[in-house]
Amino acid sequence: MTQLFSLTEDQLAIQDMARRFAADAIVPHAAGWDDRHEFPRDTIRAAAELGFAAIYVSEEAGGIGLGRLEAALIFEALAYGCPATSAFLSIHNMASWMIDRFGSADLKARYLPRLIPMDLMASYCLTEPGSGSDAAALRTTARREGDHYVVSGTKQFISGSGVNDIYVTMVRTGEPGPKGISCLVIDRDMPGVSFGAPERKLGWNASPTAQVMFDAVRVPVANRIGEEGEGFRFAMAGLDGGRLNIGACSLGGAQRCLDEAIAYVKTRSQFGRTIAEFQNTQFQLADMATDLEAARALLYLAAAKVGADAPDKTRFSAMAKKLATDNGSSIVDRALQMFGGYGYLKDYPIERFWRDLRVHRILEGTNEVMRMIVGRDLLK
């Protein structure tokens, strides 16, 4: 931002490009993807042609080298059409960024040229059946044998599991707790890698989710990102950005439903006049718009702090994630109420956004954990 409350010309241009892509390539098709549980591979690769698969991968490595605020603008715009598709791209970006930011020159050379155009698609594997919010308790092990690690364990709720090509995976190479965690890049075709059945979910039907299982998978030491014991630090750095991105997806979905509600109340008539003329409707819309702008302002501020590596970046990303996802879900719920019974039908987009945005309050750290992070930081 050149001024406190305005975007730069470049940022506005990036936002406009993402909005136009969403309007042309996502909005007309998203309901069908959801209904058919279809993964829109071609559309996602078309987004990569605009650089949206390597938003904050460095230009030296072939990415477009933008900041966290620009990334938030892009994911918000794409989520206006489909939050699940936008979030999928966010996860791929996180994995690619982690390789670019912390990986060796050899690792970058082997993977980034194919990740950037999405010839390879990437998942990020942290959560396990027994460790969700308590990420430092993960149990997937990587035992060193010569120039390989032997990896065994299971990862849970992995977006892109079974369809993606590589899995940036947090494993235990040492002592219990965060200091014993390392990060490996694991290919799907390595012997011993397998996938669970697709999860049957409330929402995010355009993005496949399943377990990833490792049964004595031999992974070259050269596929380690950084040094042994640095994985948890990488994971937390990734989550600062991931929380911004999922918050941005909530902003985009909430904006879409607010726009749909405004259009609907102007045409729906009851008791001899449009429901837009009722003061209750106007008050509801005013509250929805205010909640949305408040969340957007905090998220953009948090994005600027993460991009600047500010000392309070983690607290602000947690606050922004909590507010954006709480407010986003609430705005969509109120929009559905304005539609009445029609809002409950799949003929209208509101119910899809209601389902898709609900999970945002759980992933990238539950909103209860966000409150813990903020509270502890305030009291330290």
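Residues numbered from 1 in each chain as written. Predicted model: local features only at pLDDT ≥ 70, side-chain atom pairs only at ≥ 80, totals over all residues. Heavy atoms only, no water.

Participant: Any details on the overall build of the protein? Residues and values, ideally.
Facilitator: Counting its regular elements, the protein contains 11 helices and 10 strands. Compactness check: the protein gives a C-alpha radius of gyration of 21 Å against a globular reference of 21 Å for 380 residues, within 12% of the reference. Counting the 380 residues in the protein, one finds 55% classified as buried. Within the protein, contacts between residues separated by at least 24 positions form 73% of all contacts whose residues are at least 6 apart in sequence. Carbon and sulfur atoms make up 53% of the accessible area of the protein, which amounts to about 16,600 Å² in all. (Helix = DSSP H or I, 4+ residues; strand = E, 2+ residues; numbered from the N terminus. Rg over C-alpha atoms; globule rule 2.2 N^0.38 Å. Buried < 20%, exposed > 50% of the residue type's maximum accessible area, 1.4 Å probe, protein only. Contact = heavy atoms within 4.5 Å. Areas by Shrake-Rupley, 256 points an atom, 1.4 Å probe, with all protein chains shown as cover.)

Participant: Can you break down empty space enclosed by the protein residue by residue, with the values?
Facilitator: For the structure on display, the rule yields one cavity of 30 Å³ or more. Size it by volume and the largest cavity reaches roughly 40 Å³. At the level of secondary structure, the elements contributing two or more residues to the lining of the largest cavity comprise helix H5 (83–102) and helix H7 (231–267). In terms of residues, the lining of the largest cavity owes the most to one element, H7, which gives four residues. Split by residue class, the lining of the largest cavity holds six nonpolar, three polar and one charged. (1 Å grid on protein atoms, 1.4 Å probe; cavity = no way out; pocket = protein on both sides within 12 Å on 5 of 7 lines; lining within 4 Å. Points joined across faces, edges and corners; volume = space filled by probe spheres on them. Nonpolar A, V, L, I, M, F, W, Y, C, P; charged D, E, K, R; others polar.)

Participant: Which residues make up the packing of H7 against helix H10 (residues 350–358), and what are the values?
Facilitator: The N-to-C vectors of H7 and H10 enclose an angle of 160°; their axes lie 10 Å apart at closest approach. Between H7 and H10, the crossing angle belongs to the class labelled roughly antiparallel. Classified by chirality, the crossing of H10 by H7 is left-handed. Facing H7, whose interface residues are Cys249, Ser250, Gly253, Ala254, Arg256, Cys257 and Glu260, H10 presents Ile350, Arg352, Phe353 and Leu357. (Axes fitted to C-alpha atoms, helices over the stretch in contact; angles between N-to-C directions. Parallel < 35°, antiparallel > 145°, perpendicular 65-115°, else oblique. Left-handed = near helix turned anticlockwise from the far one by under 90°.)

Participant: Any details on the nonpolar core? Residues and values, ideally.
Facilitator: Met98, Ile99, Tyr124, Val168, Met170, Ile225 and Leu299 are the most contacted members of the largest nonpolar core, which totals 102 residues. Core analysis: the second largest hydrophobic core is formed by 16 residues, Tyr149, Val193, Val212 and Phe214 among them. (Core = buried A, V, L, I, M, F, W, Y, C linked by side-chain atoms within 4.5 Å.)

Participant: Give me the layout of surface pockets: which residues, what numbers.
Facilitator: Taken as a whole, the largest pocket spans an internal volume of roughly 1,400 Å³. For the lining of the largest pocket, the elements supplying multiple residues, two or more each, are H5, strand E3 (148–159), H7, helix H9 (313–339), H10 and helix H11 (367–379).

Participant: Describe the state of the cysteines, and please don't skip the residues or the numbers.
Facilitator: Overall, the coordinates contain zero disulfides when judged by the stated rule. Looking at cysteine 82, it has no disulfide partner, and the nearest cysteine sulfur is the one in cysteine 249, 9.3 Å off. Of the residues examined, cysteine 82 reaches a relative accessible area of 2% and is grouped as buried. Free cysteine: cysteine 125, not disulfide-bonded; nearest cysteine sulfur from cysteine 183 at 9.5 Å. The buried category is assigned to cysteine 125, whose relative accessible area is 0%. (Disulfide = S-S within 2.5 Å.)

Participant: Give a detailed account of the side chain of asparagine 327, specifying residues and quantitative values.
Facilitator: Secondary-structure assignment places asparagine 327 in helix H9. With residues up to four places along the chain from it excluded, the contact list for asparagine 327 reads Asp291 and Ala295.

Participant: Could you give an account of the pairing of E3, naming the residues involved and the relevant values?
Facilitator: Every other side chain in a regular strand lies on the same face of the sheet, so the side chains alternate between the two faces. Sheet topology places strand E2 (residues 141–145) next to E3; five bridges connect them, and they run antiparallel. The residue of E3 that forms the bridge with threonine 141 is serine 152. Connecting E2 to the next strand, E3, in antiparallel fashion are two residues, including glycine 146 with a positive phi near 65°. (Pairing = 2+ DSSP bridges.)

Participant: Now, about helix H8 (residues 279–307): what can you tell me, with residues and values included?
Facilitator: Helix length check: H8, at 29 residues, gives a terminal C-alpha distance of 42 Å against a target of 42 Å (1.5 Å per residue), a fit within 8%. Two residues or fewer past H8, aspartate 309 is found with a positive phi of approximately 55°. (Expected span 1.5 Å × (residues − 1).)

Participant: How would you summarise the side chain of histidine 92 if you had to cite specific residues and measurements?
Facilitator: Considering the arrangement of structural elements, one finds histidine 92 in helix H5. We classify histidine 92 as buried; its relative accessible area is 0%.

Participant: So what's going on with the packing of aromatic side chains? Which residues, and what values?
Facilitator: Summed over the entire model, instances satisfying the criterion amount to nine aromatic pairs. On the basis of an interplanar angle of 90° and a centroid distance of 6.5 Å, the ring pair of phenylalanine 21 and phenylalanine 52 is categorised as edge-to-face. A residue pair is termed long-range when its members are at least 10 positions apart, and phenylalanine 21 in helix H1 (residues 9–26) and phenylalanine 52 in the loop between helix H3 (41–49) and helix H4 (68–79) qualify at 31 residues. When sorted by exposure, phenylalanine 21 lands in the same class as phenylalanine 52, which is buried. When the centroid spacing of 5.5 Å and the interplanar angle of 40° are considered together, the rings of tyrosine 167 and phenylalanine 195 count as tilted. Highlighted residues: tyrosine 167 in strand E4 (residues 166–172) and phenylalanine 195 in strand E6 (residues 193–195), separated in sequence by 28 residues. Tyrosine 167 gets classed as buried once you look at its relative accessible area, which sits at 0%. Given the relative accessible area of 23%, phenylalanine 195 is considered partly exposed. Joined through ring pairs, the aromatic side chains of Tyr264, Phe339, Tyr342 and Tyr348 make up one cluster. (Phe/Tyr/Trp six-rings, centres within 6.5 Å; stacked < 30°, edge-to-face > 60°.)

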